[in-house]
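Listed here are the chains, written in short residue letters.
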Amino acid sequence: MPIRHMLLAVVVAVLWGFNFIAIHFALEQFPPLFLVALRFVILAIPALLFVPWPGVKVRYLIGYGLGFGTLQFFGLFLGMAAGFPAGLASLVLQASAPFTVLMGALLLGEKITGRRAVGVGVAVIGLGVVGLSRGSADGWVPFLLVVLGAFGWALGNLASRKAQTDKPLSLVMWMSVVPPLPMLAVSLMVEGPQQIGDSLVSSWSLQALPAWTSVAYIVLLGTVVGSGIWVWLMRRHPAGAVAPFSMLVPIFGVLSAWLVLNQVPTVVELAGGALVIIGVLWSNSRKGRLLRRRPEPPAG
């Protein structure tokens, strides 16, 4: 990947890292499953009215919507609502990277180089250190729900790559048409009309302003901008080259949770985060690579 594309991937990591703080505040107002449906309804309406069709096969659009949109946020929002901390959720969700690399090799025939395998392996160890520590301390259900969300993200990565669209933002917007109906149906069955109605009625107050601001961040910056850049990168590079950059998200997620929510990371969590950074840098560099290109030999 060229340097400018790597920098774009880092920008996405920053946006998605702070996205977990927004999710935390939004979940204080809305039930988790209804919140999934709400965020995508807000995107689906302008997509249907104003956004041109991305020119992809319907099965890849549905696969992207079910994986990235539905399954990822089903697991993530439920896990965080069950008490999993925002900073650590940003870390565990990055299990999507090894899932993507592995399924990219199995389903798309992408090559896993030795260097990339080592880098992803080191990052996975870092994720495991934090995830296992938290799971054994606070229970496994929230942790496993976030891991389920990571698997959904990986499925969405592969579907977006197979879509091969030249209109990544259109794909992101049209993907939002898929999650609302299934998530609203599940929300009505699990959370019930009473809980949903109460959350909506109480949301029209000044106290709910942080929740609505968070929903706006999730929709505009987390989904439209962040996912649009991500799909653009997945269109131009192998899934195994782009996916490891998602492991930078927990660095910004943990730091923002520390600053905003006072969720102070432990030494173990910091050590795991350091391993994530090392793994990403290692898997996306080449031995002996220079930042400047070698000069071309003179003609003749």
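Residues numbered from 1 in each chain as written. Predicted model: local features only at pLDDT ≥ 70, side-chain atom pairs only at ≥ 80, totals over all residues. Heavy atoms only, no water.

Novice: Talk me through the packing of helix H9 (residues 180-190) against helix H10 (residues 192-202); I want residue IDs and the actual numbers.
Specialist: At a closest axis distance of 5 Å, the pairing of H9 and H10 adopts a crossing angle of 110°. Here H9 lies roughly perpendicular to H10, going by the angle between them. For the pair H9 and H10, the contacting residues are Ser 187, Leu 188 and Val 190 in the first and Gly 192, Pro 193 and Ile 196 in the second. Here the residues of the contact of H9 with H10 are counted per class, giving 4 nonpolar, 2 polar and no charged. (Axes fitted to C-alpha atoms, helices over the stretch in contact; angles between N-to-C directions. Helix = DSSP H or I, 4+ residues; strand = E, 2+ residues; numbered from the N terminus. Parallel < 35°, antiparallel > 145°, perpendicular 65-115°, else oblique. Contact = heavy atoms within 4.5 Å. Nonpolar A, V, L, I, M, F, W, Y, C, P; charged D, E, K, R; others polar.)

Novice: Residue-level account of the nonpolar core, with values.
Specialist: One recurring pattern in soluble globular proteins is that nonpolar side chains are buried together. In this structure, Phe 20, Leu 35, Tyr 64, Leu 76, Phe 77, Met 80 and Trp 230 are the most contacted members of the largest nonpolar core, which totals 83 residues. Ranked by residue count, the leading element in this core is helix H1 (residues 3-27), at 11 residues. Dropping the residues within four chain positions of it, Leu 35 is found in contact with Ala 26, Leu 27, Phe 30, Phe 77 and Val 215. (Core = buried A, V, L, I, M, F, W, Y, C linked by side-chain atoms within 4.5 Å. Buried < 20%, exposed > 50% of the residue type's maximum accessible area, 1.4 Å probe, protein only.)

Novice: I'd like a rundown of the UniProt feature "domain: EamA" (unreviewed entry) in the protein chain, residues and numbers included.
Specialist: Per the UniProt record, the feature "domain: EamA" (unreviewed entry) sits at residues 6-130 and 144-283. Taken end to end, residues 6-130 is 82% helix and 0% strand, and its first and last C-alpha atoms sit 26 Å apart. (UniProt positions renumbered as here; feature names shortened; annotations may be inferred.)

Novice: Explain the environment of Ser 90 to me, using residue names and the numbers behind them.
Specialist: With respect to the secondary-structure elements, Ser 90 resides in helix H4 (residues 86-92). Owing to a relative accessible area of 0%, Ser 90 belongs among the buried residues under this scheme. Measuring from C-alpha to C-alpha, the distance between Ser 90 and Leu 49 comes to 33 Å, with 41 residues separating the pair along the chain. Excluding residues within four positions of it along the chain, Ser 90 makes contact with Phe 20, Val 249, Pro 250, Gly 253 and Val 254. Engagement of the side chain of Ser 90 in a polar contact is seen with the backbone oxygen of Gly 87, the distance being 2.4 Å. (Polar contact = N/O pair within 3.5 Å; in protein donor to acceptor, adjacent residues only side chain to side chain.)

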